[in-house]
Amino acid sequence: MRALTFDQSLSFQPRYRDPQPGDGDTLIKVRQAGICATDLEITKGYMGFRGVLGHEFVGEVASSPDKALVGQRVVGEINVVCGRCDLCVAGLSSHCRNRSVLGILNRDGAFAEYVRLPSLNLHALPKTIDDDQAVFVEPLAAAFQVLKQIQLDGRKWVTVLGDGRLGLLVAQVLRNAGCPVRVIGKHADKLALCEKWQIRSRPLADINPRHDQDVVVDCTGSASGFELAMQMVRPRGTIVLKSTFAAGKPLNLAPLVIDEIQVIGSRCGPFREAIRALAEKQVDVVSLIHRRMKLEQGVEAMDLAGRPGVLKVILTID
Ligand SMILES: [Zn+2]
Ligand SMILES: [Zn+2]
């Protein structure tokens, strides 16, 4: 099959080995896949991953032990878990000690003609969600995770730092939850999107950090973003860290101690809530699409997705 792989360098493979579905696995023919910051970080060495990249996808089930799934349009949760370890048993299966993660850890991903996942990981999509929206289910679920992790009641000063792909999803989810959120970013066109969605925003250049925010959600993907978050959050406030980055400069963590700041790491989230929000048109994701490119142009597409200010680049697979 055709696939976009990373093994020290990124390359398009016209004849990569077909996936061999194991027991209980479902084989999915990928229709579209989204490029995200994690994919870009992997090509800089994050997670030491080798294989087919990609974890944000929509596809059609080609074969499955669960016959009802065959032919269905699906999205898939990315953590493949054992169900037996202490963390799985404790209900923390996204942290399973024996997990593989689609296109990130020990498992080929979705920038390919076919991808395999256990049927338990799959969610069939309603017709009201088209393929363009469906590729955003995974990152939107990650945005919903913020609501699971913090209490917003009475928190008046909430900032999303970063106007990239994930920041703009988090901002919409927080706004929909009734939170008076504000986005801080570098790009006028993205801040204009916030205005269209009636979400307050400010250019980064205008910000004078004053240790006054109840919550700062860091979606910058950079060490300097986290430093700014530490300057913006109030004493005893909360930083939600959504960024994963391969390496960065040394960080001075003293402000966390001095201001007794709580830092919450935040990763994958609830698919069901993301699917519902898209079906009910509560979140605008289509405005985030920068360009569609063919899988064959994957190397070029990854390069484009890594340029400053570029939002979602989608790979189409025909
Ligand atoms: Zn992602
Ligand atoms: Zn487990």
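Thresholds applied
Residues numbered from 1 in each chain as written. Chains lettered and ligands numbered in written order. Predicted model: local features only at pLDDT ≥ 70, side-chain atom pairs only at ≥ 80, totals over all residues. Heavy atoms only, no water. Axes fitted to C-alpha atoms, helices over the stretch in contact; angles between N-to-C directions. Helix = DSSP H or I, 4+ residues; strand = E, 2+ residues; numbered from the N terminus. Parallel < 35°, antiparallel > 145°, perpendicular 65-115°, else oblique. Left-handed = near helix turned anticlockwise from the far one by under 90°. Contact = heavy atoms within 4.5 Å. Nonpolar A, V, L, I, M, F, W, Y, C, P; charged D, E, K, R; others polar. Buried < 20%, exposed > 50% of the residue type's maximum accessible area, 1.4 Å probe, protein only. Donors = N, O, S within 2.8 Å, 3.2 Å for Na, K, Ca; no water. Tetrahedral: all angles 85-135°; square planar, octahedral: opposite > 155°, others 65-115°. Pairing = 2+ DSSP bridges.

1. Quick look at the packing of helix H4 (residues 137-149) against helix H5 (residues 165-176)
And step 1. Viewed as axis vectors pointing N to C, H4 and H5 meet at an angle of 50 degrees, and their least axial separation amounts to 9 Å. In terms of orientation, H4 lies oblique with respect to H5. Note on packing geometry: the crossing formed by H4 with H5 is right-handed. Facing Pro139, Leu140, Ala143, Phe144, Val146 and Leu147 of H4, the residues of H5 in contact are Leu166, Leu169, Val170, Val173 and Leu174.
And step 2. Taken together, the residues of the contact of H4 with H5 sort by class into 11 nonpolar, no polar and no charged.

2. Let's talk about unusual backbone geometry
And step 1. Positive phi outside glycine occurs at Arg236, with the angle close to 65 degrees.
And step 2. For Arg236, the position within the fold is in strand E15 (residues 233-241).
And step 3. We note that Lys281 has phi near 55 degrees; this positive angle belongs to a residue other than glycine.
And step 4. With respect to the helices, strands and loops of the structure, Lys281 is situated in the loop between helix H9 (271-279) and strand E17 (289-294).
And step 5. Judged by its relative accessible area of 53%, Lys281 falls in the exposed class.

3. Structural notes on the coordination of the zinc ion (ligand 2)
And step 1. Distances from the zinc ion (ligand 2) to its protein donors, Cys82 (SG), Cys85 (SG), Cys88 (SG) and Cys96 (SG), fall at 2.3 to 2.4 Å.
And step 2. Around the zinc ion (ligand 2), the four donor atoms are arranged such that angles at the metal cover 101 to 119 degrees; this shape is classified as tetrahedral.
And step 3. By relative accessible area, Cys82 is classed as buried at 18%.

4. Quick notes on the sheet that holds strand E4 (residues 51-52)
And step 1. The strand order E2-E1-E4 describes an open sheet built from three strands, whose pairing is antiparallel. Looking at which strands have only one partner, the edges of the open sheet turn out to be strand E2 (9-13) and E4.
And step 2. Packing against the sheet, helix H10 (residues 298-305) makes contact with strand E1 (3-7) and E2, and its axis sits at approximately 140 degrees to E2.

5. Description of the environment of Leu168
And step 1. Along the chain, Leu168 falls in helix H5.
And step 2. Take Leu168: its relative accessible area is 0%, and that puts it in the buried class.
And step 3. For the pair Leu168 and Leu87, spaced 81 residues apart in the sequence, the C-alpha separation amounts to 31 Å.

6. Re the coordination of the zinc ion (ligand 1)
And step 1. Protein-derived ligands of the zinc ion (ligand 1) are Cys36 (SG), His55 (NE2) and Glu56 (OE), with the metal-ligand distances lying across 2.1 to 2.3 Å.
And step 2. If you list the donors of the zinc ion (ligand 1) from N- to C-terminus, the spacing comes out as C-x18-H-E. In this pair, Cys36 is assigned in the loop between strand E3 (25-35) and helix H1 (37-42) and His55 in the loop between E4 and strand E5 (56-63), connecting sequence segments 19 residues apart.
And step 3. Assessed through its relative accessible area of 3%, His55 is described here as buried.

No statement about biological role is implied by the geometric values presented.
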